[in-house]
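So you can see what is in the structure, the chains are spelled out below.
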Amino acid sequence: MTTKKKRSPPTESDSWVLIAPDSVVASRKTRDPDATFVSLRNPATDGGSQYLFSNGDMQVFEVKAFSEDYRSWFIGQRVQRDGRLLYVTPVDPLFLLLPYLRKAGAEGKFQPLQQVVMDEDYPGCMRLLSCTHSVDSLHHVADEKEVGSMKFHRYSQEKTMEWLQKKVERIVRMLKKSDISVGGGVKSSTFIRVKEENHVTEVDYLCYAHGLISEYISEDLSKDLHKHLQLPEMSSPNKAEPPSKKRKLSDKPVEAGEDYTKFNSADFARKPPKKMTAAQKTLAKVDKTGMKTMSAFFSPKVKQENN
Amino acid sequence: MSANSSVTVVQLDSAAQANKEQLHLLPCEIEHNGPAEVSRFYSPTVKDHKHEMTVSFRGRPLKGQEVNCPQGYTGLVLKEVQRPSSDQEDRIVKVSSVFNNFTRWNLETPPTSDDGVVMAMMWPKLAEAIHGPIDE
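Residues numbered from 1 in each chain as written. Chains lettered and ligands numbered in written order. Predicted model: local features only at pLDDT ≥ 70, side-chain atom pairs only at ≥ 80, totals over all residues. Heavy atoms only, no water.

Let's shift gears to the pattern of salt bridges. The final tally for this structure, using the stated rule, is 18 salt bridges over all chains. We note a salt bridge from R84 of chain A to D82 of chain A, for which the minimum N-O separation is 3.0 Å. When sorted by exposure, R84 of chain A lands in the same class as D82 of chain A, which is buried. As a salt-bridge pair, R40 of chain B and E37 of chain B come within 3.1 Å of each other at their nearest N and O atoms. Here R40 of chain B falls in the exposed class, since its relative accessible area comes to 54%. A cluster of three or more residues bridged by salt bridges with shared partners is formed by R41, D46, D119 and D121 of chain A. (Salt bridge = Lys/Arg side-chain N within 4 Å of Asp/Glu carboxyl O. Buried < 20%, exposed > 50% of the residue type's maximum accessible area, 1.4 Å probe, protein only.)

Let us now look at the packing of aromatic side chains. For any two aromatic rings, the description comes down to two numbers: the centre-to-centre distance and the angle of the planes. Considering all chains together, one arrives at ten aromatic pairs over all chains under this definition. Between Y87 of chain A and Y73 of chain B the ring centres are 6.2 Å apart and the planes differ by 65°, which places this aromatic pair in the edge-to-face class. Placement of Y87 of chain A in strand 7 (residues 85–90) and of Y73 of chain B in strand 8 (residues 73–82) is noted, with the two residues assigned to different chains. No difference in accessibility class separates Y87 of chain A from Y73 of chain B, as the two residues are buried. Look at F95 of chain A and W163 of chain A: their rings are 5.3 Å apart centre to centre, the planes differ by 50°, and that puts the pair in the tilted class. In this pair, F95 of chain A sits in helix 2 (residues 93–105) while W163 of chain A sits in helix 4 (residues 157–177), placing the two residues 68 residues apart along the sequence. Among the residues examined, F95 of chain A registers a relative accessible area of 0% and is labelled buried. What links up through ring pairs into an aromatic cluster is the set F74 of chain A together with Y42, F57 and W105 of chain B. (Phe/Tyr/Trp six-rings, centres within 6.5 Å; stacked < 30°, edge-to-face > 60°. Helix = DSSP H or I, 4+ residues; strand = E, 2+ residues; numbered from the N terminus.)

Taken together, the contact between chain B and chain A spans 81 residues of the former and 90 residues of the latter. With both sides pooled, the region where chain B packs onto chain A buries about 7,400 Å², and carbon together with sulfur makes up 59% of that total. The interface formed by chain B and chain A holds three salt bridges in total. With a shortest N-O distance of 3.1 Å, R104 of chain B and E68 of chain A are connected by a salt bridge. The interface formed by chain B and chain A holds 40 residue pairs in polar contact (both at pLDDT 80 or more) in total. The greatest single-element share of the side of chain B that touches chain A, amounting to nine residues, is contributed by helix 3 (residues 123–131) of chain B. Looking at the side of chain B that touches chain A residue by residue, the class counts come to 41 nonpolar, 23 polar and 17 charged. (Contact = heavy atoms within 4.5 Å. Buried area = accessible area lost by both parts, 1.4 Å probe. Polar contact = N/O pair within 3.5 Å; in protein donor to acceptor, adjacent residues only side chain to side chain. Nonpolar A, V, L, I, M, F, W, Y, C, P; charged D, E, K, R; others polar.)

The following block contains the structure:
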């Protein structure tokens, strides 16, 4: 064995590689040609994550970092040490509004939205109110009352559960017709359809979709949804997840660290790992031979190149 | 005052003048940010036959694969215009290059469709199912 050469600590990068929807790039032709990275409260972790607003705050996107150890970029005639690929994809603003609505809903009163969506720690949350499919979609998760020209809202757990269930059902439909339903369908170049082999059941799909949704809701809401979907009780996982892979691609949201332009995902932690989240428990229960967790989905099948 | 009140502004109109550059994702960490003579020493040794890309980098053979951005998506390289003097100030970045594909290089194992970044290109589809608005 050769002794490991010590790596110098990463210097702060001033350049980032990302993949973003065409609509973001096209919005440069609109009246508001700038897009803005803003730190907002992550509904699943309650910590800060980076989100991108574009088109005059009408659209909001989440930023995920795909990173592996020992990667760097050549960009034209330049080296960039930071080998991460940042992924900008749409996020449903209702997920981000939900924590505020639930908090206000505890009082059981109808309230104007401007009073509900306020956050000293994340003042950028106001931008969410400008998004399409935010204010006009609130009826999915809240009761509405109109007095004159004013609208008042009150969180509704029932409606939220139904809304989340519709999302779960749509994800299941999508998973079924897609190759990625069973972790890409392709486990190796020999193309084994794991799907048929292991009889992935409806419940497996539901659990998987529940796990995906749980990345965007709080832990207790995730538990409620689990109950609402009448998913089987979580038992201790019989098939232990393989020890965490060294080469991991993160499917985690980009954390707003102290220097929030670091887009760091490595030190991200939903909760101390001693306790599994509801979603993780659910996923752990699922027969993994035919399914993959989100992180596995983004991990290469090869174990490690360097052992 | 919360540090979260400052934002990073992306000047998208800079995308019109952005370069189209070749991107390579290398299987090693290079402890350097800055200019490199890629076209002189790297690009000429890339061999592409029968869809098998190989290159020699510092005496190591690498295996490569072209990765296309998912449909409806564009690759961007953002660069900070000027670093602000305090964390209360907004940061400004511009689009320094745009790309529609990049080359991913591995060490011994040829990149396959199971490869992480290749798989990641499927994420938008999943994101759409999770985040698309519920009608009616």
